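# Descriptive analysis of the structure
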Amino acid sequence: MPAWLKQAAAVPGGRRGKWLVLAVWLVAVMALGALAGKLGEVQDTSANAFLPRGAESAQVNTELEKFRTDELMPAVVVYSTDGALGADAKAKAEADRAAFAKVAAKGEQVSPAVASEDGKALMVVVPLPGEEQSVIADKTAELRDIADANAPPGLDTQVGGPAASMADAFTVFETLDGTLMMATGLIVVLLLLLTYRSPVLWLFPALAVGFAAVLTQVGTYLFAKYAGLQVDPQSSGVLMVLVFGVGTDYALLLIARYREELHVHQDKHVAMQAALRRSGPAILASAGTVAVGLACLGFATINSSRSMGLVGVIGIVFGFLAMVTILPALLVIAGRWVFWPLVPKHGAPQRATRPLWRRVGDSVAAKPRRSWIASLAVTGALALSAFGLDMGLSQNDWFQTKPESVVAQEKLSAHFPSGAADPATIVVKTAGAAEATRAAEGTEGVVKVENAGTTPDGELTRLSAVLAGSPDSQEAKDAVKALRGSVDGLVGGTAAQTVDKETATARDLKVVVPLVLLVVLLVLIWLLRSLVAPLVLLGTVVVSYFAALGAANLVFENLMDYSGVDWTIPLLGFVFLVALGVDYNIFLMHRAKEEAALHGHAKGVITGLTSTGGVITSAGLVLAATFAVFAALPLVSMAQMGFVVCIGVLIDTFLVRTVLVPALALDIGPRFWAPGPLSKDRPAGGPASTTGSPEERTLENA
C-alpha cells in the first residue's frame, strides 16, 4: 500500500483525527447544505438537454430562438366521437376556442377548429408561452379543465401536442428526486437491518450516506452553476440512487473488515486503522473504476448521457470520501457497542466461516473447469436474447401508463395525417424560402408545407412540414432524411430528433465502450499487479453485461410488454454494469491476492471467496435493490435502465463472482497472477491456514 494511503488511513481512526474528521464534515454540511436544495434551479430541461451535441435538430432549436423573443409551444386539443360529429360537438369546440384564447400566449391567435376527412374529429391548436416548463404544465392543465367541462355525451376530449407532452414529462420529473430518495433510503435501511441484525449498526452507514448525499448535491449544483456542467432531471435522479447504492457497498466492506480487526486488537483505534489499510486499496480501486468509467461518458455526444456520466462521478467521489472518513470516525467514536447484540470481543474467536460459502468454495474447487463451463453456458444462453433487441421507443411508449398527451396523439393519428400535431420544422434563408418550399413539397413522405413566419430581421424563414407518418415512425424518419437531402436549410422537430439520437447512439457505442474497457483494464492491472487476471476479469464482466441485457430483454418482451428498448440503454447499461460489476471482482480478487501471498494460490482463491462471500452478497443485494427502484417509475427508459443494472448486478453477485471467476482462477492456476511474483505460487507467510483470519496476520503483513 502506498505510504500516503497508510497515512490517510490513520486519520479517521486516530484519537484526535476522528474528531477532526467529524468537525470538518459537520461544518461543510451546515455551511453548504442550503445549496443542496438549489439543484433543481440549475437543471436543464430544454429539448437540447436530451439531444446530441451539434445535431441538426439541436441547431434548429437554437435558431428558433431568433424568431420570437417569447418562445411558443403548441398544444393540440382533439375532439372525437365514434360516429360523425354532431352540431353540439362543433358548438363545444367553438365555445372552448373562445375560452382557450384567455390561456394562449399573449398576442397569439387560437386556430379555427379543423375537421378530419372522416368527419369524426376536430383539432384546435393553442399556442402557449414556452419559457418555463412549470408555466406550460399549468397552462396545459387549464386547457384540459376547459375541454373536459360540459362535454356532450359521446364526445372524447384530449389535449396533446408538444406542450402537453412536455407538461406530462414535467409532472413526472417534478417529484422524481423526492420519490427516488425516499424509496432508496427505505430499501437501504431495510437491507442493512437484515444484514447486520442489529438495531443500532445500520444507522452509521445510513448517516454517512446521508452526509455524502448532501455534499453530492452541493457539489453538483456548484459545478452546474459555475463550471457549465449540464444537469438534467434524469441524471439528477440517478445520482441519488448511485450514491446510496455504491456508498452502502463500500460501508459494508469496511465494517466487515473492522469487525474482523476488533477481534485482533484491543484498541478500537488501531483496529479501524488496520481495517482501513487492508480494505482501503480495494475501496479506492472500486471507486476509481466506477468514477473513471462514468467519466468516459463525457466523450458521448448525447447530452443526457454525458450529463449522467459526469454527474455520477461527483456522486462516486463524495460517496467514497464519506465511507473512508466520516463513517470510520463515527464508528470509532461510538465504540464496539454499535455491533450489539453480536459485539466483537478482543481475543474471542470469530464466528466460523459461513457453511454456505465454504460449501460453494469446495464445490468450485472440486471441479473448476466444469464449474466455469457451466457458468458460461448459463450466461451465454441469456446473452442470446440480447441480439434480438428491438431498439427505439415511440412517443406512445415513453410512459408505463399512457398520459393524456399520448392518448391525444393516438386520436390524432387515427383521424388526421399522423404528423399533423407535430410537424417537422425547416429553417431556411428567406431569399431561398420559395425554392425550399417547392423542394419540400416534392419530397416523399411530406403531406404539406406552410410558411410559419420569419425572424424580426427578415433573414430566416421557418417552414412547417406535415409528414405522412407519426413523428417516431420509420416513414417520418425517412422523410426527414430525404428533406435534409433536398432542402437547403436545417430540418428539426421530433422526427428529426429521433434520427439524430439513433445516429449518435451508434457513434457513442463505438467510442465509449472501448474506452471504458481500456480504463477498467488499467485499473485492474494497477490493483492486482498482473496482466492475465485483469484480462480474465474484464472478460467475465463483458459476458455478464450481455447476459444481463439478454435477461432484461426477456423481461421486457414477456412480462412488461415493452415495444422496444430505449436507444440509451445499451450504452448506459454497459457503462454502469462494467464499472459497477467489476467492483465485486475487485473486492474478491484483492482479498484472494492477499490470501494467496500467505497461503498459496488455490488456498488463497477459496479463502478469498469464503471470507468475502457474505459481505459481497449483501453489497450486491443492496445495489440491485436500489436500482430496482427505477422499475416503479412512470418513465419506461428509466425503468429499463433499472432492470438492466439490477439483473446485471445479481448475475455478477450470484454467478460470475461466486462461480465463474473463482473457477477460472483455479483452473488457470498460479499463472492467473502472471507476470507478478504470485504466479510462482510461493506463499509469503508461514504454514497454510484453515481460516485465513486476521489473527494469523500482523500489521506488518498489510
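What this report covers is the structure whose coordinates are included nearby. (Residues numbered from 1 in each chain as written. Predicted model: local features only at pLDDT ≥ 70, side-chain atom pairs only at ≥ 80, totals over all residues. Heavy atoms only, no water.)

## A word on the overall build of the protein chain
- Broken down by element type, the protein chain carries 22 helices and eight strands.
- Relative to a compact globule of 702 residues, whose C-alpha radius of gyration would be 27 Å, the protein chain shows 29 Å and is just as compact.
- If you line up the protein chain on its principal axes, its C-alpha atoms span 95 × 50 × 50 Å.
- Relative to its 702 residues, the protein chain shows a buried fraction of 57%.
- A separation threshold of at least 6 residues defines the contact pool for the protein chain, and within that pool the share at least 24 residues apart is 81%.
- Accessible area of the protein chain: about 27900 Å², with a carbon and sulfur share of 61%.
- One finds the centroid of the 54 positive side-chain charges in the protein chain at a distance of 16 Å from the centroid of its 60 negative side-chain charges. (Helix = DSSP H or I, 4+ residues; strand = E, 2+ residues; numbered from the N terminus. Rg over C-alpha atoms; globule rule 2.2 N^0.38 Å. Buried < 20%, exposed > 50% of the residue type's maximum accessible area, 1.4 Å probe, protein only. Contact = heavy atoms within 4.5 Å. Areas by Shrake-Rupley, 256 points an atom, 1.4 Å probe, with all protein chains shown as cover. Lys, Arg positive; Asp, Glu negative; His and termini not counted. Charge placed at Lys NZ, Arg CZ, Asp CG, Glu CD.)

## Here we look at the sheet that holds strand β4 (residues 156–160)
- Read across the open sheet, the four strands follow the order β2-β3-β1-β4; overall the sheet is antiparallel. Among the strands making up the open sheet, the edge pair consists of β2 (114–115) and β4.
- Taken together, the two bridges between β2 and strand β3 (residues 121–129) define a ladder with antiparallel strand orientation. Paired with V114 across the two strands is M123, which belongs to β3.
- This element, helix α5 (residues 133–148), spans β1 (72–80), β3 and β4 of the sheet and lies at about 150° to β3.
- Sheet contacts for helix α15 (residues 404–415): β1, β3 and β4; angle to β4, the most-contacted strand, approximately 110°. (Pairing = 2+ DSSP bridges. Axes fitted to C-alpha atoms, helices over the stretch in contact; angles between N-to-C directions.)

## Quick look at the pairing of strand β5 (residues 424–429)
- Burial runs high along β5: five of the six residues are buried.
- Note: β5 against strand β7 (residues 460–467), six bridges, orientation antiparallel. Bridge assignment links V428 to a residue of β7, and that residue is T461.
- Judged from the three bridges that link them, β5 and strand β8 (residues 490–492) form a sheet pairing that is antiparallel. Of the residues in β8, the one forming a bridge with I426 is V491.

## Some points on the packing of aromatic side chains
- Summed over all chains, the structure comprises 10 aromatic pairs.
- An angle of 85° between the planes, with centres 5.0 Å apart, marks the rings of Y545 and F574 as edge-to-face. Residue Y545 is found in helix α19 (residues 532–560), and its partner F574 is found in helix α20 (residues 569–599); the two are separated by 29 residues along the sequence.
- Classification of Y545 by relative accessible area gives buried; the value is 6%.
- A centroid spacing of 5.8 Å and a plane angle of 50° characterise the contact between F627 and F630, whose relative ring orientation is tilted.
- Site record: aromatic cluster; members linked through ring pairs are F387, Y545, F546 and F574. (Phe/Tyr/Trp six-rings, centres within 6.5 Å; stacked < 30°, edge-to-face > 60°.)

## Quick notes on the packing of helix α9 (residues 233–264) against helix α10 (residues 268–295)
- Interaxial distance between α9 and α10 falls to 8 Å at its minimum, and their mutual angle equals 155°. One way to sum up the angle between α9 and α10 is to call them roughly antiparallel. Handedness of the crossing formed by α9 with α10: right-handed.
- Of the residues contributing to the contact of α9 with α10, the split by class is 16 nonpolar, two polar and four charged. (Parallel < 35°, antiparallel > 145°, perpendicular 65-115°, else oblique. Left-handed = near helix turned anticlockwise from the far one by under 90°. Nonpolar A, V, L, I, M, F, W, Y, C, P; charged D, E, K, R; others polar.)

## Observations concerning the packing of α20 against helix α22 (residues 636–668)
- Taken N-terminus to C-terminus, the directions of α20 and α22 make an angle of 30°; their axes are 9 Å apart at the nearest point. Taken together, α20 and α22 sit at an angle that is classed as roughly parallel. In the crossing of α20 with α22, the sense of the turn from one axis to the other is right-handed. When α20 is examined against α22, the residues I569, L572, G573, F576, L577, L580, G581, Y584, N585, L588 and M589 are found in contact with a partner set consisting of S637, Q640, M641, V644, V645, G648, V649, D652, T653, R657, V661 and P662.
- In terms of residue class, the contact of α20 with α22 is built from 14 nonpolar, seven polar and two charged.

## Examining the sheet that holds β7
- Pairing is antiparallel in the open sheet, where four strands are placed in the order β6-β7-β5-β8. Since the sheet does not close on itself, it has two edges, and those belong to β6 (446–454) and β8, each with one partner. Pairs of neighbouring strands in the sheet enclose a mean axial angle of 25°, with direction left out of account.
- Lying on the sheet, helix α3 (residues 56–64) is in contact with β5, β7 and β8; it crosses β8 at an angle near 95°.

## Here's the deal with the pairing of β3
- Counting buried positions along β3 gives eight out of nine residues, so the element sits mostly inside the fold.
- When β1 meets β3, the two strands line up antiparallel, connected through nine bridges. Each residue of the ladder has a partner; that of S80, found in β3, is A121.
- In this antiparallel pair of consecutive strands, β2 and β3, the connection spans five residues, and G119 shows a positive phi of 70°.

## Digging into a negative patch on the surface
- Negative charge collects at one region of the surface, where D138, E142, D145 and D148 lie side by side.
- Looking at the element boundaries, D145 is found in helix α5.
- On the accessibility criterion, D145 (56% relative accessible area) is exposed. (Patch = residues over 30% accessible without salt bridge, like charges linked within 9 Å, V, L, I, M, F, W, Y side chains within 5 Å. Salt bridge = Lys/Arg side-chain N within 4 Å of Asp/Glu carboxyl O.)

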